[in-house]
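Next come the chains, spelled out residue by residue.
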Amino acid sequence: MTNDIKAAANGTHRSKQDNALAPVNATTMDQNGTNATDTVPVEDEPFVVVSQDEYSEHASAITHAKFSAGGNLIASCDMDNIVRIWSYKGQSTFNPLKINNNASCVLSMEWEARADRFLFLGTDMGTIRVFNVESKSIVQEFSVERKYPWVTQLSCSPVEPMFVGYASGNKMTSDGSTQPGTLVAWSMKSMDSIGSFCFEPENENDYGNINTIELNHNGQMLVAADDQGLMRIFDVRTMKSIMEWKDPSRRSSCIAQFSFDENSIYSIDRSGQLTQWSIHKPGTSLSTHQLADFPPPAAYPRKSVSASVSNATAALPPRPTSNPSTSSLSRLSISSNRSNRLPLITTDDTITQSLLSVTPRAQMVAFSADTDFCLCATASRPLASSSSSSSASPSSSEDSPPSATTQGTIYRVSDGQPSLRFGYQPMQQKLTTVDWTNASNACLLGSIDGSVKVTSLIKV
């Protein structure tokens with residue numbers, strides 16, 4: 001087993017100095033300074049907020065939002081299955097792009113890991129659509145077997161023109177039964193499948209739906225975690241499982257991530273517990289920490305999945321006033337002029353509502369490149385009623401919002417303690433997705449109101 005791991009890792013040593021966060025140009029700081037109500041400093045905080053802007057790219061709740069590999073572009077998708085590719089940088093000359101998905105729902109989204117050229121979209125029709133940013137068109141569609149129509153997970157290799165997708169049966173079946181899924185590796189060179197693994201347990205009750213997949217730094221190993229607490233590591237070249245273990249608590253894992261040195265796996269389960277697992281001693285927990293205020297409430301309660309769209313959106317608050325992005329300035333249909341209202345959704349969004357009725361989900365967590373920190377969507381009550389209020393500094397208490405809020409929180413992976421809270425907004429404006437790019441030192445928060453908030457940071 002150890003030999004399999006060494007072979008897959010290919011003996012590559014990684015230095016954290018190579019991936020250290022580089023400070024952004026201080027001239028990008030807002031002349032008015034950072035709004036005190038938007039950030040709460042934590043003692044010995046390693047980050048400083050440089051700027052924070054909110055963009056109005058969508059007319060319905062955000063289901064996916066990801067930075068491109070270079071950190072210059074953002075791809076975001078809403079409940080109408082409209083994907084937009086846009087720039088959040090004020091001096092960018094990038095023209096915004098729109099991808100319509102009228103015949104299918106977008107269940108997963110991933111950028112090419114080596115450049116900002118391709119965007120991969122997994123659908124509920126068993127297809128993976130490949131959008132070329134340069135040609136502004138869908139250039140390829142990969143298809144999985146018909147019995148696996150839901151492509152819910154995607155992960156791209158950082159070194160090769162290939163990616164891995166996970167597809168499963170339709171989760172909206174009337175009987176509500178779970179169905180086995182499959183992992184498939186695809187080559188962008190041959191435009192064909194290069195390997196697969198089918199999850200077909202002997203006992204149907206042992207089947208767990210895969211919630212997250214992630215390739216390692218050289219694309220040779222992949223970690224997959226399911227909703228039964230089972231974790232597997234695959235050799236991507238053979239698409240065979242080389243080790244597996246199960247969390248004794250059997251709690252669902254919302255995300256699993258290789259550590260920077262790839263000697264361990266970090267996972268966060270549905271209760272908000274961050275665990276570090278040893279790769280060399282599978283099943284051995286090296287540390288566990290509880291992440292305060294995570295997970296946040298689901299954007300849509302499960303009981304509302306089958307409700308009408310008008311009922312589901314009626315309780316949403318008015319949209320906050322927000323800044324148009326570089327993309328929005330050149331597009332009349334998407335601008336901050338409509339930020340004070342949330343149009344009713346006219347399409348059947350039962351499937352996309354089902355995505356947002358789950359908490360936590362992989363889109364609510366993002367690790368820094370060195371895996372020393374993780375960003376999570378969180379929800380908290382006033383500090384005065386929290387157990388940590390007595391230990392909070394006076395300045396932190398004064399800057400804290402007075403009521404229940406949802407926000408982004410950066411935690412230290414070493415001890416699970418919060419390092420920075422930012423992007424506060426009312427609890428009704430629930431967060432649905434987060435992402436973090438080290439290429440440009442920025443974090444994003446996608447919300448149920450269709451807004452995307454981008455925060456630029458400096459690591460100190």
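Below or above, wherever it landed, is the structure these notes cover. This is a predicted model, so every value here is computed, not measured.

Rules used throughout
- Residues numbered from 1 in each chain as written.
- Predicted model: local features only at pLDDT ≥ 70, side-chain atom pairs only at ≥ 80, totals over all residues.
- Heavy atoms only, no water.
- Pairing = 2+ DSSP bridges.
- Helix = DSSP H or I, 4+ residues; strand = E, 2+ residues; numbered from the N terminus.
- Axes fitted to C-alpha atoms, helices over the stretch in contact; angles between N-to-C directions.
- Disulfide = S-S within 2.5 Å.
- Buried < 20%, exposed > 50% of the residue type's maximum accessible area, 1.4 Å probe, protein only.
- Polar contact = N/O pair within 3.5 Å; in protein donor to acceptor, adjacent residues only side chain to side chain.
- Contact = heavy atoms within 4.5 Å.

1. Looking at the sheet that holds strand E6 (residues 97–100)
Strand order in this open sheet of four strands is E3-E4-E5-E6, and the pairing throughout is antiparallel. The open sheet is flanked by strand E3 (62–67) and E6, the only strands paired with a single partner. Strand-to-strand twist in this sheet, taken as the mean axis angle between neighbours without regard to direction, amounts to 15°.

2. Quick word on the sheet that holds strand E13 (residues 182–187)
In spatial order, the strands read E11-E12-E13-E14; together these four strands make up an open sheet with antiparallel pairing. Edge strands, defined here as strands with exactly one partner in the open sheet, are strand E11 (150–156) and strand E14 (192–198). The sheet shows a mean angle of 20° between the axes of neighbouring strands, taken without regard to direction. Note: E13 against E14, six bridges, orientation antiparallel. Within the sheet, the bridge partner assigned to Thr182 lies in E14 and is Cys198.

3. Quick notes on the state of the cysteines
In protein structure, a disulfide is the covalent linkage between the sulfur atoms of two cysteines. In total, this model carries zero disulfides according to the counting rule given. Cys77 carries a free sulfur, and the closest cysteine sulfur to it, the one in Cys105, is 8.9 Å from it. By relative accessible area, which is 9% here, Cys105 ends up buried.

4. Some words on the side chain of Glu110
Checked against the element boundaries, Glu110 lands in strand E7 (residues 106–111). Among the residues examined, Glu110 registers a relative accessible area of 17% and is labelled buried. Here the side chain of Glu110 touches Lys66 through a polar contact of 3.5 Å, side chain to side chain.

5. Comments concerning the environment of Asp116
Checked against the element boundaries, Asp116 lands in the loop between E7 and strand E8 (118–123). Asp116 sits 43 residues away from Leu73 along the chain, and the two C-alpha atoms are 7.8 Å apart. Residues within four places of Asp116 in sequence aside, it is in contact with Ser68, Ala69, Gly70, Asn72, Leu73, Trp111 and Val133. At 3.2 Å, the side chain of Asp116 forms a polar contact with the side chain of Ser68. A polar atom in the side chain of Asp116 sits 3.2 Å from the backbone nitrogen of Ala69.

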